[in-house]
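Summary of structural features
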Amino acid sequence: MNKKIEISVQFFLFSFLIYYALTVGNSWDQYFNMMRGSERLKYLFSFGSYESHYINHENEKFYPGLYDTLVMFITKIFPKKYEDQVWNLSNSLSSLLCIFGLYNLTKLLFNKYVGKIVFILCFLNPIFFGHMAINPKDTTVALAVIWSTYLILKYLQIQNIKKTTKYVLLLGLTIGLGTGVRTPFLVNLLPIFIFIFIDILFMQKIINKNFSSKKFFVDIFLVIIISYFLTIIAWPHVHVNIFLEPFRLAFEQIKNVFGIPWILFNGSFYETNNLPYYYILLNLFYKSPEYIFLSYIIFFFIIMFNKDFFNLNFKNFNIKIFLIVFIILSPTLYFIIIPHPVYDGLRLFLFIIPFFNIIPGIAIYYLFKNLNFNYSKILLSITFLLFLYFLYFFIKLTPYQYVYLNKFIGNYSESHKKFENDYWAVSSKELVKKISYAKNIFSQDDKVGIIFCGAPLGMVKEDLDQIKNLNYENIDLFNYETYDYVFMTNRSIGNSKDEKSIHNVKTCFDKFVGDDLFSVKRNGLILSTFRKRID
């Protein structure tokens, strides 16, 4: 790729990312993440003497809080009025480092040209991009998985040939970052752990001839020490006994899983602990661009009819593809073996998205390398046209790319009947702005009752309180006799806080009927709305 073109593409991508980070609203969890980081920071600076109600909140004990604490430290450097923007930009930087890690991993496995293609594909993947600024946990987990995979493979290749101290240290820091976000993080690395031990014991395709098992176990011990220290450093609840408490809390969390009880998935309601095994695969099907699917089809046809190209250009190609597919499918395998609660689309599986883009990147690379054949020209042209179509749709969704659904969904404007689209209520900020522009809707003398459904009041209270003539009270979502308006997204909800029957579950849109006074829409799909009650 021409250097000037590369620089231009990078400038466009990074500029677009910054714009997105500065314009997107807060996510559902942002307040809690920022509060966690702030409280843990105070605790560390007090050398463990600081106590607060928030730190001692029941579920806080399950969060090591490392990333939140680090980002809050950065955020505190800037004026408070820029707190949200700095937070989003910091999350974007973390996500960007993940994609750079993907480039390095793909370059290591294949070559730098494939790496550059995959970099662009992952950057513009709507699932991943839509979370880059607003998601401090799952993008960081993805970063840790990608860099851990790269560092492990690099270490195996150069051990006893070059110095590995740097890779051992970085691997410890990377795994520590992952477990410092979520203690079950290591489960995400099981495929690479299984792969390297099979390679060491049987295949010996990745490790070099001078590989030393003794040095390997010594280095593993160092990685454990470094990562364990990072995991517990910002976790006040384990400091009473740093050797036992982390494990006790980890097992307690497995027994006491919390989160939302139901979701709308493909037009039906499901309990989050009883989802179909194809949950991840179907999400990938509907939420991946059309040109990605075409690239997968092209790849499989090439494998069938011109496999020699890959074997000649990439050493141990079959083994590397197996590893990538194994990582992509591993969460589905966990689903089948140990069913567990899942919600919010692919958010909890964001780490597979970078790997999911590698095979399409290889297919596109193949087409570029074989442009002397007419079929390559035709297929590349079709892929590029589909990419341009997707890019137009992608940009129109700004800054809510994570609500993307492809053409296979049918009528996009009706897709709120199949999935919970704006599940983190990110569009609430824009909805409040639309309400604030309204004239002659509210009167200061009349207090109105507002129900918040799928969009908690805490996210928008500060902005709502600034709206002229809006005198309101928050009406309980499950205990109300009357109300005037509903501020909502299409989250799933029961009839009460203790709802047991899935037959009583509806989306907020269906539960509260009325006239939509103000709505946030993208490509005809309502993401959030302010609805007036009709008697």
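Here, every reference points to the structure presented above.
So, here's what we can say about the structure. Since the model is a prediction, treat every value here as computed from it, not as a measurement.

Here is what the cut-offs are and how they apply
- Residues numbered from 1 in each chain as written.
- Predicted model: local features only at pLDDT ≥ 70, side-chain atom pairs only at ≥ 80, totals over all residues.
- Heavy atoms only, no water.
- Helix = DSSP H or I, 4+ residues; strand = E, 2+ residues; numbered from the N terminus.
- Expected span 1.5 Å × (residues − 1).
- Buried < 20%, exposed > 50% of the residue type's maximum accessible area, 1.4 Å probe, protein only.
- Patch = residues over 30% accessible without salt bridge, like charges linked within 9 Å, V, L, I, M, F, W, Y side chains within 5 Å.
- Areas by Shrake-Rupley, 256 points an atom, 1.4 Å probe, with all protein chains shown as cover.
- Salt bridge = Lys/Arg side-chain N within 4 Å of Asp/Glu carboxyl O.
- Phe/Tyr/Trp six-rings, centres within 6.5 Å; stacked < 30°, edge-to-face > 60°.
- Pairing = 2+ DSSP bridges.
- Axes fitted to C-alpha atoms, helices over the stretch in contact; angles between N-to-C directions.
- 1 Å grid on protein atoms, 1.4 Å probe; cavity = no way out; pocket = protein on both sides within 12 Å on 5 of 7 lines; lining within 4 Å.
- Points joined across faces, edges and corners; volume = space filled by probe spheres on them.
- Core = buried A, V, L, I, M, F, W, Y, C linked by side-chain atoms within 4.5 Å.
- Contact = heavy atoms within 4.5 Å.
- Parallel < 35°, antiparallel > 145°, perpendicular 65-115°, else oblique.
- Left-handed = near helix turned anticlockwise from the far one by under 90°.
- Nonpolar A, V, L, I, M, F, W, Y, C, P; charged D, E, K, R; others polar.

1. Topic: helix α2 (residues 30-45)
With 16 residues, α2 ought to run about 22 Å at 1.5 Å a step, and its terminal C-alpha atoms sit 22 Å apart, in line with that. Along α2, the residues classified as buried are Q30, N33, M34, R36, G37, S38, E39, R40, L41 and Y43. Directly beyond the C-terminal end of α2, a positive phi value near 55° is found at F47.

2. Regarding unusual backbone geometry
Look at the link from T398 to P399: it is a cis peptide, with omega at 0°. The phi torsion at F47 lies on the positive side, around 55°, for a residue other than glycine. For F47, the position within the fold is in the loop between α2 and α3 (66-75).

3. A short note on a nonpolar patch on the surface
Together, Y277, Y278, L281, V325, L329, L333, I336, I337 and I338 line one region of the surface with nonpolar side chains, adding up to about 850 Å² of accessible area. In terms of residues, the nonpolar patch owes the most to one element, helix α15 (residues 317-337), which gives five residues.

4. Quick word on the packing of aromatic side chains
Inspection of every chain in the model, using the stated rule, returns 64 aromatic pairs. Taken together, a centroid distance of 6.4 Å and an interplanar angle of 50° make the contact between F14 and F123 tilted. One end of the pair, F14, is in helix α1 (residues 3-23); the other, F123, is in helix α5 (residues 112-123), with 109 residues separating them in the sequence. Classification of F14 by relative accessible area gives partly exposed; the value is 25%. Taken together, a centroid distance of 5.2 Å and an interplanar angle of 65° make the contact between F285 and Y286 edge-to-face.

5. As for the sheet that holds strand β9 (residues 525-533)
Taken together, the five strands give an open sheet; going across it, the order is β4-β3-β5-β9-β8, and neighbouring strands pair in mixed fashion. Each edge of the open sheet is held by one strand with a lone partner, namely β4 (471-475) and β8 (514-522). Direction aside, the axes of adjacent strands within the sheet are offset by 25° on average. Looking at chain direction, strand β3 (residues 447-453) and strand β5 (residues 485-488) are connected through four bridges and run parallel. Bridging across to β5, C453 finds its partner in M488.

6. Observations regarding empty space enclosed by the protein
One pass over the full model with this rule turns up five cavities of 30 Å³ or more. By volume, the largest cavity is sized at about 90 Å³. Looking at the largest cavity, the residues that line it are I263, L264, F265, Y279, N283, K287, D344, G345, F419, E420 and Y423. Of all the elements in the fold, those that place two or more residues in the lining of the largest cavity are β1 (262-265) and α12 (279-287). Space inside the second largest cavity adds up to approximately 60 Å³. If you go around the second largest cavity, the residues you meet are R36, Y63, G65, L66, Y67, D68, P136, K137, G180 and V181. Among the elements that take part in the lining of the second largest cavity, α3 stands out by supplying three residues, more than any other.

7. A short note on the nonpolar core
Judged by nonpolar contacts, the single largest core of 151 residues is most densely connected at F110, F123, L156 and F487. Element by element, the count of residues in this core is highest for helix α7 (residues 138-158), at 13 residues. I451, I475, V486 and I493 belong to the second-largest nonpolar core, a separate cluster that totals twelve residues.

8. With respect to the environment of F355
Its place among the elements puts F355 in helix α16 (residues 352-356). Placed 91 residues apart in sequence, F355 and D446 show a C-alpha to C-alpha distance of 55 Å. Those residues in contact with F355 that sit more than four places away from it in its chain are L105, V145, I146, T149, I324, I327 and I328.

9. Considerations on the pairing of β5
Here β5 shows no split at all, with Y485 and F487 on one side and V486 and M488 on the other all buried. As paired strands, β5 and β9 are joined by four bridges and run antiparallel to one another. Residue pairing across strands places F487 opposite F530, the latter belonging to β9.

10. A closer look at the packing of α1 against α5
The geometry of α1 relative to α5 is characterised by a closest axis approach of 12 Å and an angle of 20° between their N-to-C directions. In terms of orientation, α1 and α5 fall into the roughly parallel class. In this structure, the crossing between α1 and α5 has a hand that is left-handed. Along the contact surface, α1 presents E6, V9, L13, F14 and L17, while α5 presents K116, F119, I120 and F123. Of the residues contributing to the contact of α1 with α5, the split by class is seven nonpolar, no polar and two charged.

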